[in-house]
Amino acid sequence: VHTLAVFFIPWTIVAAVLAFALLKDVPVKANIRQQIDIFTNPDTWYMTLMYVATFGLFSGFAAQFGLLIKNTYGPGSPLADHFDKSLLPLGATYAFLGPLIGSIIRMSWGIFCDRMGGAIWTFVSVVGMAATLGAATFFLNPSDPSQFTGFLWLMLAMFFFSGLGNAGTFKQMPMIMPARQAGGAIGFTAAIASLGPFLVGVALSAISAPVFFAGCAIFCALCAVLCWIMYARKNAPFPG
């Protein structure tokens, strides 16, 4: 029996050793009462919304991308009744592309966030995600396999924009929040956004994909307005 998880065991051990040897504690100390006051800071909730839009949707769609392709365009989709099943795309063939693109962009875009600030890239991210998810709704009830190309490119663009936002939000939070609160806020927003795979999976099971995509597009658009007003525009209250 071959278990894929075994491959990661030595790398996990190496990472643990390096973390113990090289990582340093942040010189900020706070008791429990001081830590939970992040919830009285409106920026905690604003940034949570934007991190749910960027990382939450990124992780959610990354987890569901292969199944979404299979159910919409693959051999198990309604298209299979009208076209040769062997010509329809398999979700597993393309599922890795979205997470790969989003992860690479998140990793590599830090230098631009350092130079230009994170807020502008978070704004670009949620605007781009709103546009691509909105456009993708027109490809979720296909009548021909050729529509898959448009759907795939829109989704890959969405993953690209999500990577920008993941980099941007992590630059923003230490900039706009007090040092004592920044770490706690980052941890809280990450914990909430990590529910993305579960929430996206449940949503796609409970409602139709076009309705869910449209709802995500509206949510991202609202986050874009929030980001612009509070953080990205000239003379914003909390530029970051």
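Everything numeric in this text was worked out from a predicted model, so none of it was measured.

A. Spotlight on helix 9 (residues 179–193). Across its 15 residues, helix 9 extends 22 Å between first and last C-alpha, which sits within 8% of the 21 Å expected from 1.5 Å per residue. By the burial criterion, the buried members of helix 9 are Gln 181, Ala 182, Ala 185, Ile 186, Phe 188, Thr 189 and Ala 193. Here the buried face of helix 9 lies against helix 3 (42–72), helix 8 (148–176) and helix 10 (196–206).

B. Focus on the environment of Ile 186. Secondary-structure assignment places Ile 186 in helix 9. Accessibility expressed as a relative area gives 18% for Ile 186, which makes it buried. Those residues in contact with Ile 186 that sit more than four places away from it in its chain are Phe 170, Met 173 and Pro 174.

C. Main features of the pattern of salt bridges. One pass over the structure, following the stated rule, counts 2 salt bridges. The salt bridge partner of Asp 37 is Arg 180, with a shortest N-O separation of 3.0 Å. Here Arg 180 lies in helix 9 and Asp 37 lies in the loop between helix 2 (32–35) and helix 3, a separation of 143 residues in the sequence. The partly exposed category is assigned to Arg 180, whose relative accessible area is 34%. Asp 114 is the partner of Lys 171 in a salt bridge, and the nearest nitrogen-oxygen pair spans 3.5 Å. Taken together, the positions of Lys 171 in helix 8 and Asp 114 in helix 6 (residues 110–116) put the pair 57 residues apart, joining distant regions of the chain. Judged by its relative accessible area of 22%, Lys 171 is partly exposed. Owing to a relative accessible area of 55%, Asp 114 belongs among the exposed residues under this scheme.

D. Quick look at the packing of aromatic side chains. All told, the structure shown has 19 aromatic pairs when counted by the stated rule. Measuring from centroid to centroid gives 5.0 Å for Phe 39 and Phe 188, while their planes differ by 80°, and the two rings are edge-to-face. Of the two residues, Phe 39 is situated in the loop between helix 2 and helix 3 and Phe 188 in helix 9; the sequence distance between them amounts to 149 residues. Residues Tyr 51 and Phe 55 carry aromatic rings whose centres are separated by 5.4 Å and whose planes lie at 10° to one another, so their mutual orientation is stacked. Linking Tyr 51 with Phe 55, this pair stays in helix 3, spanning 4 residues, or about one helical turn. The ring of Phe 170 carries Arg 106 above its face, with NZ or CZ at 5.0 Å from the centroid.

Rules used throughout
Residues numbered from 1 in each chain as written. Predicted model: local features only at pLDDT ≥ 70, side-chain atom pairs only at ≥ 80, totals over all residues. Heavy atoms only, no water. Helix = DSSP H or I, 4+ residues; strand = E, 2+ residues; numbered from the N terminus. Expected span 1.5 Å × (residues − 1). Buried < 20%, exposed > 50% of the residue type's maximum accessible area, 1.4 Å probe, protein only. Contact = heavy atoms within 4.5 Å. Salt bridge = Lys/Arg side-chain N within 4 Å of Asp/Glu carboxyl O. Phe/Tyr/Trp six-rings, centres within 6.5 Å; stacked < 30°, edge-to-face > 60°. Lys NZ or Arg CZ within 6 Å of the ring centre and 35° of its normal.

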